[in-house]
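Fold and contact review
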Amino acid sequence: IASLPKAQMENTRSEMSARSSALDSVQSKFGALRAALQNLESAREGYSTTTSNGAVASANVTGGAIAGIYQIEVLDLGSYTSSMSKDGLEQVADPRKESISSAASFTLTVDGEEFEITPAGTSLVELAEAINSSKAEVEATVVNIGTASAPDYRLSLRSTALGGVEIQLNDGTADLLDTTITGTPARYRVNGQPPAGISSNSRSVAVAPGLTVTLLKEGRTDISVSHNLASVTNAFSALASAFNAAVEELDKHRGEGAGALQGTSLVQTLAHSLRNIANYDS
């Protein structure tokens, strides 16, 4: 360019600037069209749910769901297994200074799976925190079963899964826990089946493709799954606007008084893409 006459150089720079500006505008319009197409695809998989009795169960729906009515009957919410440190262990009046065992490490067993527990210190609170930091499916708390004047702090563990989960903590010399409550699984029926109910170790259950239900209370409820028509309508409207804007942008570079991209293969390629979109049949 530097060897061209000054006037020709200015014209060349002007043409390059115009073409760059035109490319930016085309890219913006087609980027918006692409986003509108993606939003339409998401909207097509959008569903909404209604529940006849929200006190019995709640529903969460995702892509791949099948529109329809699902009858959920909660027969039993189930319960969690709870264990507590045994009578006869060292009595704890101050759980931040004392513990039920002087051991530096413990073995926690949950349904046959063992976890090595190493508290940061020697207090009962630090033991509970170490258990909660492990990957074991239990929750540990420290509770006072004594009085205000004669506290008796115990380690209490509860399973995170419903049912009869075996929980035990050993300090290397003895087991430290007694089971206080043996849990039971939840039971429910879907559309009346099976007669005896389905057992689950969780109150969150997958009852159909893309439909997860949380059991809340014994009873019966109907859950209706339907397409979210409002979001699909809005997505189609946005797509039409983006499509028309892309067509108008290309038209600036065709025919008399065409813009900086006139005659380029890009215009033809993009026009072909627009025709494919217009003729698309899902």
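As a starting point, this report considers the structure included with it. Here the structure is a predicted model, which means the values were calculated and not measured. For every chain, the first residue of the written sequence is number 1, and numbering continues from 1 along that sequence. It should be noted that, the model being predicted, local features are given only for residues of pLDDT at least 70 and side-chain atom pairs only at 80 or more, the latter also being counted only at that level, while totals for whole chains, interfaces and linings use all residues. Heavy atoms throughout the structure, all of them, feed into the side-chain values; hydrogens and water do not.

Here we look at the overall build of the protein chain
A tally of helices and strands in the protein chain yields 4 helices and 15 strands. When a residue's accessible area, from a 1.4 Å probe over protein chains only, is under 20% of the maximum for its type it is buried; when over 50% it is exposed; and in between it is partly exposed. Split into buried and exposed, the 282 residues of the protein chain put 34% on the buried side. Whether two residues are in contact is decided by their heavy atoms: any pair within 4.5 Å suffices. Within the protein chain, residue pairs in contact and separated by at least 24 positions form 66% of the contacts whose partners lie at least 6 positions apart. Only the protein chains shown count as cover for residues, and all accessible areas are computed by the Shrake-Rupley method using a 1.4 Å probe. In the structure as shown, the protein chain presents an accessible area of about 16,000 Å², 48% of it carried by carbon and sulfur atoms. Under the scheme used here, helices are H or I runs from DSSP no shorter than 4 residues and strands are E runs no shorter than 2 residues, and both carry numbers assigned from the N terminus.

Looking at the environment of Thr147
Counting through the fold element by element, Thr147 comes out in the loop between strand S7 (138-144) and strand S8 (153-162). With relative accessibility at 44%, the residue Thr147 sits in the partly exposed group.

Re the sheet that holds S8
Two pairing modes exist for strands in a sheet, parallel and antiparallel, and in both the strands are linked by backbone hydrogen bonds. Here 4 strands make up an open sheet; going across it, the order is S7-S8-S4-S10 and the pairing antiparallel. Strands with a single pairing partner mark the edges of an open sheet, and in this sheet they are S7 and strand S10 (177-181). Between one strand axis and the next, the sheet turns by 30° as a mean value, whatever way the strands run. Relative to S10, strand S4 (residues 80-85) runs antiparallel, the two sharing 4 bridges. Each residue of the ladder has a partner; that of Met84, found in S10, is Asp178. Strand pairing is assigned whenever DSSP identifies at least 2 bridges connecting the two strands. Where helices are involved, their axes are fitted lines through C-alpha atoms of the stretch in contact, as for all axes, and angles between N-to-C directions lie from 0 to 180°.

Section: the side chain of Ser99
Within the fold, Ser99 resides in the loop between S4 and strand S5 (106-110). Accessibility expressed as a relative area gives 8% for Ser99, which makes it buried.

Digging into the pattern of salt bridges
Salt bridges are defined as contacts in which a side-chain nitrogen from Lys or Arg sits within 4 Å of a carboxyl oxygen from Asp or Glu. If you walk through the whole model with that rule in mind, you get 6 salt bridges. We note a salt bridge from Arg189 to Glu73, for which the minimum N-O separation is 3.2 Å. Of the two residues, Arg189 is situated in strand S11 (residues 186-190) and Glu73 in strand S3 (residues 68-76); the sequence distance between them amounts to 116 residues. Note on accessibility: Arg189 and Glu73 belong to one class, buried. Residue Arg154 pairs with Asp87 through a salt bridge whose shortest N-O separation is 2.8 Å. Here the residue Arg154 occupies a position in strand S8, and Asp87 occupies one in the loop between S4 and S5, the gap between them amounting to 67 residues. A relative accessible area of 10% places Arg154 in the buried class.

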